[in-house]
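# Summary of structural features
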Amino acid sequence: MADVSFILGVVGNVISLLVFISPVKTFWRIMKNKSTEDFKSLPYICTLLSTSLWTYYGLIKSGGLLISTINGAGAVLESVYVILFIIYARKELKVKTIMMVLLVDVVFFTAVFLVTFLALSHHVRLTVIGVLCVCLTLGMYGSPLVIMRKVIVTKSVEFMPFFLSFFLFLNGGIWAVWAVLEHDIFVGIPNGIGFGLGAVQLLLYMIYRKRNPRREEVREEDRKTEGFKIAADIEMGGGNGHGFSADDSMSRPDNLEK
């Protein structure tokens, strides 16, 4: 059973790595144009925090090697993305992004690490970090929910790339099974939900893939969902910290397709 879970974890790591490197095309465009254009830094800042917390979780959990390695790699990649964003952002956005990085990825993470490492026993520490990871990951599910609503209203999958749904489904399923084999509820909960959301998105894709959106419906839906955009711009992740950005997946070609 240990061999099966290890193989699943390796496969999950490969898929997760594909997700982590998916923004490369976006940042190649940013470097080429020497501008962040309308891209937002919040998804990458939040994903950096998420991968950092999951790496910490994997390091303190017995048998958490596969969790720590892939999320450690993800944290490095997200750090590169954030640095590139800061370099090419306009001045006011550059300052805002730096402040957010310091607050979220430096101050908050350092505080969590020091408090849990110095003040809590190992079991309590593992539970607290696990709960934080789950809550942060679940908070990122605004993205696929907004996408699904848009597909249903517009009756078109124009804003829901197939590979977005496929990798959400596949990655969530693999890590959910791994979590069952390893008896890890913290990995299992968000990935089980991610698997379910991916399955629903694939179903919606099958239903609406041959339909074309009516422009007036798209514009009306954009207006109605504008209030959700801040939450949706926070990337949706599987249970291991990576994610998909609603902003990228709905309005740009720079995803996996993304």
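Residues numbered from 1 in each chain as written. Predicted model: local features only at pLDDT ≥ 70, side-chain atom pairs only at ≥ 80, totals over all residues. Heavy atoms only, no water.

### Some thoughts on the overall build of the chain
In terms of regular secondary structure, the chain is built from 12 helices and two strands. Mapped in sequence order, the helices and strands of the chain form the string α-α-α-α-α-α-α-α-α-α-α-β-β-α. Burial statistics for the chain: of 258 residues in total, 50% are counted as buried. Carbon and sulfur atoms form 72% of the exposed surface of the chain, whose accessible area is close to 12,100 Å². (Helix = DSSP H or I, 4+ residues; strand = E, 2+ residues; numbered from the N terminus. Buried < 20%, exposed > 50% of the residue type's maximum accessible area, 1.4 Å probe, protein only. Areas by Shrake-Rupley, 256 points an atom, 1.4 Å probe, with all protein chains shown as cover.)

### Some points on the pattern of salt bridges
One pass over the full model with this rule turns up three salt bridges. Salt-bridge contacts for Glu92 lead to Arg90; the nearest nitrogen and oxygen are separated by 3.0 Å. Given the relative accessible area of 52%, Glu92 is considered exposed. Judged by its relative accessible area of 45%, Arg90 is partly exposed. (Salt bridge = Lys/Arg side-chain N within 4 Å of Asp/Glu carboxyl O.)

### Looking at helix H8 (residues 162–182)
Every α-helix carries 3.6 residues per turn, so stepping three or four residues along brings you back to the same face. In this model, H8 (21 residues) spans 30 Å end to end at C-alpha, consistent with the 30 Å of a helix rising 1.5 Å per residue. All of the buried residues along H8 are Leu164, Ser165, Phe167, Leu168, Asn171, Gly172, Gly173, Ile174, Trp175, Ala176, Trp178 and Ala179. In the stretch just after H8, His183 is the one whose phi turns positive, near 55°. (Expected span 1.5 Å × (residues − 1).)

### Digging into the confidence of the model for the chain
Mean pLDDT over the chain: 82, with 79% of residues reaching 70 or higher. Long-range and interchain partners of residues 220–239, a stretch whose pLDDT sits below 50, account for 51 contacts in this model, where long-range means more than four residues apart. Scored below 50 in pLDDT, residues 243–258 shows 60 contacts in the model against residues more than four places distant or in partner chains. (pLDDT = per-residue confidence, 0-100. Contact = heavy atoms within 4.5 Å.)

### Remarks on the packing of helix H2 (residues 24–33) against helix H4 (residues 65–88)
Where H2 contacts H4, the two axes come as close as 10 Å, and the packing angle between them is 25°. The pairing of H2 with H4 is recorded here as roughly parallel in orientation. The hand of the H2/H4 crossing is left-handed. Taking contact as the criterion, the partners of Val24, Phe27, Ile30 and Met31 in H2 are, on H4, Tyr81, Leu84, Phe85 and Tyr88. (Axes fitted to C-alpha atoms, helices over the stretch in contact; angles between N-to-C directions. Parallel < 35°, antiparallel > 145°, perpendicular 65-115°, else oblique. Left-handed = near helix turned anticlockwise from the far one by under 90°.)

### Focus on unusual backbone geometry
Glycine aside, the phi torsion of most residues is negative, and most peptide linkages are trans. In this structure, Lys155 takes a positive phi of about 55° despite not being glycine. Summarising the element assignment, Lys155 is placed in the loop between helix H7 (142–154) and H8.

### Remarks on the environment of Leu49
As for its position among the elements, Leu49 is in helix H3 (residues 42–60). Residue Leu49 is classed as buried on the basis of its relative accessible area of 8%. For Leu49 and Glu78, which are 29 residues apart along the polypeptide, the C-alpha to C-alpha distance reads 9.2 Å. Once you skip the residues sitting within four places of it in the chain, Leu49 turns out to touch Val104, Asp105, Phe108, Phe109 and Leu136.

### What about a nonpolar patch on the surface?
Side chains of Phe6, Ile7, Val10, Val11, Val14, Leu17, Leu18, Ile21 and Val24 sit close together on the surface and give an oily, nonpolar patch of about 720 Å² of accessible area. For the nonpolar patch, the leading source of residues is helix H1 (residues 2–21), giving eight residues. Locating Ile21 in the fold gives a position in helix H1. (Patch = residues over 30% accessible without salt bridge, like charges linked within 9 Å, V, L, I, M, F, W, Y side chains within 5 Å.)

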